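If you want the building blocks of each chain, they are given just below.
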Amino acid sequence: MEFENVRRALEYLLDVAQSTEMVTKTYDGTGLIGERHTDVKDMQDIMFEVAVSIADLLGLEEIYLGEE
């Protein structure tokens, strides 16, 4: 997931954090193949991905790469 700037990433992160119900959609080469309600692990994955994008936009890749 890529964002054009930190503001957009934070807006998305806040939307996800405040969501009470989300649906995960799965696609293949022919189109949509399934939908299911997200669980806690899905939400963690989404939020981690957005946090990584924010770190990238700020030039702070070492935060998630474990470098000092």
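Before reading on, note that the structure itself is shown above.
Residues numbered from 1 in each chain as written. Predicted model: local features only at pLDDT ≥ 70, side-chain atom pairs only at ≥ 80, totals over all residues. Heavy atoms only, no water.

1. Topic: the environment of V52
So, point 1. Within the element layout of this structure, V52 appears in helix α2 (residues 40-57).
So, point 2. With relative accessibility at 16%, the residue V52 sits in the buried group.
So, point 3. Each C-alpha atom of the pair V52 and M1 lies 9.3 Å from the other, and the pair is 51 residues apart in sequence. (Helix = DSSP H or I, 4+ residues; strand = E, 2+ residues; numbered from the N terminus. Buried < 20%, exposed > 50% of the residue type's maximum accessible area, 1.4 Å probe, protein only.)

2. Here we look at helix α1 (residues 6-18)
So, point 1. Between its terminal C-alpha atoms α1 stretches 18 Å, which fits the 18 Å expected from 13 residues at 1.5 Å a residue.
So, point 2. Those residues of α1 lying buried are A9, L13 and V16. The buried residues of α1 occupy one face: seen down the axis, they fall within an arc of 65°. Exposed residues lying more than 90 degrees from the buried face of α1 are R7, L14 and Q18.
So, point 3. Against the buried residues of α1 lie α2. (Expected span 1.5 Å × (residues − 1). Arc of directions from axis to C-beta. Contact = heavy atoms within 4.5 Å.)

3. Brief notes about the pairing of strand β1 (residues 23-28)
So, point 1. Pairing between β1 and strand β2 (residues 31-37): 6 bridges, direction antiparallel. Bridged to D28 within β2 is G31.
So, point 2. As consecutive antiparallel partners, β1 and β2 are separated by 2 residues. (Pairing = 2+ DSSP bridges.)

4. Digging into the nonpolar core
So, point 1. Formed by F3, A9, L13, V50 and I54, the largest nonpolar core amounts to 5 residues.
So, point 2. Counting residues per element, the ones that place at least two in this core are α1 and α2.
So, point 3. In contact with I54, other than residues within four places in its own chain, are V6, A9, L10 and L13. (Core = buried A, V, L, I, M, F, W, Y, C linked by side-chain atoms within 4.5 Å.)

5. Notes on the pattern of salt bridges
So, point 1. In the structure shown here, the tally under the stated rule is 6 salt bridges.
So, point 2. E35 is the salt-bridge partner of K25, the closest N and O atoms lying 3.7 Å from each other. With K25 in strand β1 and E35 in strand β2, this residue pair connects regions lying 10 residues apart in the sequence.
So, point 3. Between D45 and K41 there is a salt bridge whose closest N-O contact spans 2.8 Å. You can see D45 and its partner K41 sitting in helix α2, 4 residues apart, about one turn around the helix.
So, point 4. With a relative accessible area of 36%, D45 lands in the partly exposed category.
So, point 5. Take K41: its relative accessible area is 48%, and that puts it in the partly exposed class. (Salt bridge = Lys/Arg side-chain N within 4 Å of Asp/Glu carboxyl O.)

Functional significance is not addressed by these values, which are geometric in nature.
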